[in-house]
Amino acid sequence: MKKYLTEIFNKAAMKLSYLSEIDYSFDTPKSDEHGDLSCNAAMMLSKRLKKNPRQIADEIISNLDVDEDVIEKVEIAGPGFINFFFSHNYKAQIVNQILKEKSNFGRSNKHKGQKANVEFVSANPTGPLTVGHGWGAVVGDTVANMLESIGYTVEREYYFNNAGRQMRVLGDSVKLRYLELLGNKIDYPEDYYQGEYIKDIAVKLHDKFGDKLTEEDPEGKFKEKAEEEIFNEIKDTLSRLNITFDSFFNEYSLYEDSKIEELLSMFEEKGLSYKKDDALWMKFSELGVAEDKVIVKATGEPTYRLPDIAYHKTKFDRNYDLMVDLFGSDHTATYPDVLAGLRAIDLDSDKVKVLIHQFVTILEDGEVIKMSTRKANYITLDQLIDDVGSDVVRYFFNMRNISSHMNFDLTLAKKQSDENPVFYLQYAHARICSIIRTVAEEKIKSSVKNLNLLLEEEEKQLINKLNQYEDEILVAAENFEPHRICTYLQELATAFHKFYTFRRILGSEKKLAEARMALAEATKTVLQNGLGILGVSAPKRM
RNA sequence: GCGCCCAUAGUUCAACUGGAUAGAACGUCGGAUUCCGGUUCCGGAGGUUGGAGGUUCGAGUCCUCCUGGGCGUACCA
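Values in this document were obtained by computation on a predicted structure and should not be read as measured data.

Caption draft 1: Up close: the packing of helix H6 (residues 165-181) against helix H8 (residues 218-240). Close contact between H6 and H8 brings their axes to 8 Å; oriented N to C, the two are set at 100°. Classified by the angle their axes make, H6 and H8 are roughly perpendicular. Contacts from Met167, Arg168, Leu170, Gly171, Asp172, Val174, Lys175 and Tyr178 of H6 reach H8 at Pro218, Glu219, Phe222, Lys223, Ala226, Glu227 and Ile230. Among the residues making up the contact of H6 with H8, the classes are represented as eight nonpolar, one polar and six charged.

Caption draft 2: Looking closely at the protein's contact with RNA strand B. Inspection of the region around RNA strand B gives 65 residues, with Thr28, Asn161, Lys297, Tyr427 and Lys498 positioned closest. If you look at RNA strand B and keep only atoms within 4 Å of the protein, 63% of those are sugar or phosphate atoms. Interatomic distance of 3.2 Å between a backbone N/O atom of Asp277 and a base nitrogen of RNA strand B. Arg484 is positioned with one of its side-chain polar atoms (N or O) 3.1 Å from a sugar or linking oxygen of RNA strand B. Sorting the residues of the surface near RNA strand B by element identifies helix H2 (41-49), strand E4 (81-86), H6, strand E15 (406-409), helix H16 (421-441) and helix H18 (483-502) as the ones contributing at least two each. Across the surface near RNA strand B, the residue classes tally to 23 nonpolar, 24 polar and 18 charged.

Caption draft 3: Main features of the sheet that holds E4. A sheet is described by the order of its strands in space; here four strands give the open sequence E1-E2-E4-E3, paired in antiparallel fashion. Only two strands of the sheet have a single partner each, and these edge strands are strand E1 (26-27) and strand E3 (71-77). As paired strands, strand E2 (residues 37-39) and E4 are joined by three bridges and run antiparallel to one another. What sits directly across from Ser38, in E4, is Asn83. Across the face of the sheet, helix H3 (residues 53-62) comes into contact with E3 and E4 while running at roughly 160° to E3.

Caption draft 4: How the structure looks around the domain arrangement of chain A. Here the domain parsing of chain A yields domain 1 (2-86), domain 2 (165-234), domain 3 (360-414) and domain 4 (418-534). A separation of 30 Å is found between the C-alpha centroids of domain 3 and domain 4. Residue-level contacts link eleven residues of domain 3 with 14 residues of domain 4. Considering only the side of domain 3, the residues that lose the most area to domain 4 are Tyr395, Asn398 and Leu412, jointly responsible for 55% of the buried surface there. Counting across the domain 3 and domain 4 interface gives zero salt bridges.

Caption draft 5: Representation of the pattern of salt bridges in the model. Counted under the stated rule, the structure contains 33 salt bridges. With a closest N to O distance of 2.7 Å, Glu157 and Arg318 form a salt bridge. Of the two residues, Glu157 sits in strand E6 (residues 153-160) while Arg318 sits in the loop between helix H11 (305-317) and strand E11 (322-328), which places them 161 residues apart along the sequence. Using a relative accessible area of 0% as the deciding quantity, one classes Glu157 as buried. On the basis of relative accessibility, which here comes to 24%, the residue Arg318 falls in the partly exposed class.

Cut-offs applied
Residues numbered from 1 in each chain as written. Chains lettered and ligands numbered in written order. Predicted model: local features only at pLDDT ≥ 70, side-chain atom pairs only at ≥ 80, totals over all residues. Heavy atoms only, no water. Axes fitted to C-alpha atoms, helices over the stretch in contact; angles between N-to-C directions. Helix = DSSP H or I, 4+ residues; strand = E, 2+ residues; numbered from the N terminus. Parallel < 35°, antiparallel > 145°, perpendicular 65-115°, else oblique. Contact = heavy atoms within 4.5 Å. Nonpolar A, V, L, I, M, F, W, Y, C, P; charged D, E, K, R; others polar. Near = heavy atom within 4 Å. Polar contact = N/O pair within 3.5 Å; in protein donor to acceptor, adjacent residues only side chain to side chain. Pairing = 2+ DSSP bridges. Domains from an automatic or database assignment. Buried area = accessible area lost by both parts, 1.4 Å probe. Salt bridge = Lys/Arg side-chain N within 4 Å of Asp/Glu carboxyl O. Buried < 20%, exposed > 50% of the residue type's maximum accessible area, 1.4 Å probe, protein only.

Pasting the structure below:
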């Protein structure tokens, strides 16, 4: 529908040049009294043209070449909205389109030929993933799915720092637990990793090497084994959520490939770095950031900023049109430095879209479960998946706007009932599958020949919802907002359930039954496609 | 102190990048099933969008200030 309006407006703009000077839009009104789509152009122009918006609206309408078979009514309403009412026949054809395009329905080629990189999770392998990582993991993967559905070729990437202090402490922690295992009395420092998994790794090393590692460097086998073990566990957890990565990029390779040195000399050439107190500082204050920061410590070791900038530079070198970074709000202070660093070497930081999710609070029986990583007192993502299953985890993390703080209601999530929004959606899909099975026995086939018979209110509402899908996907994807899809699918499921309650397939006149069947099948396809993007299964039976 | 995020119905959240009468789910109260899956559907009650100003045709959305919460504010990542 939007496509159609865009076309006739573009044609009209050749006569009314002012139309191409503003950024007007077509929106779906909240109330259907206001039509299927509404245009705000006249109101936006009223100041510029110093004319009454309704008068402008009138002028626009008289210059539109409207096909009456497509749009049956255009009216000016309120302060100057132009409301378009599409014909029922035109809207009903969406059913035909859906059944033809099947799993491709809703995909667009708007960004065809463009490459995107989505970096997410990126947790350092120092321990199991927590529920907080879960949010980033699910949303990152869903954002990648959405981008694919609007034409991008997407690479999913996981970046981790294996050259810094955190990994050193990890090696130290494992070694100490190993020594403890050998009967040494140890004093385990508070800032070492506290979890039981450290002991498990020590045990594995002990099983394999006995007491031969007492002289081993913590950064040797201890760190290596820990990284390997923990990474495997992280990958296993993610794969339970159907999340896999195309590439794992590690910080160490930036040193091996001299990317750090290259970057340092670029900064130096541009006069953007200077020595002070034995450290190397970056002139961030000249790059739109409040103050200068250290990029190489007095010890000669870079701070995280330098490799982070170098890493992002490799993304530019790899020619992505869009780079998405997703991380938790505890990193909120770091990204402006990275973006400034990229601009400093003349890269277009607007191509980097930084998404930050807030913290997750877990609620059980109305009580907040307090978590502390340092004390290893947290719910792991694995435990959460054990408790509620992958579908619920994915749906719950997708259904909230990431910029809000989230309350994850464990009690609700565990319920396999109508209180749980996931089941409402899945039930709608399973119900349609069941109808298809039943109806097949009655030898009724779906047909798109008589869609114009679908004139009942519930049928019209459902058709309207189906018409909105393509646009919802596009808006959700371009805004990086998976929760929009959840909201839409809930509305679609509701529209279907209402249709089902009042309009029967069996027992209706043949042509009508066939048309209704087609409508139900189209709904099933859209539910399936939408759930697919969210990474939630669409069960045939429940 | 400073920076970023948040505050909408009893609760959890929407509101299409400033649009028309602020919506939905859960909860609550009251209804619907001889019939393709009742894990469903219909209806009622429930709001000064944290507060105060401002910008304009129009503000939950933008600006300023205030209140209350979260996350940061390292030569940790």
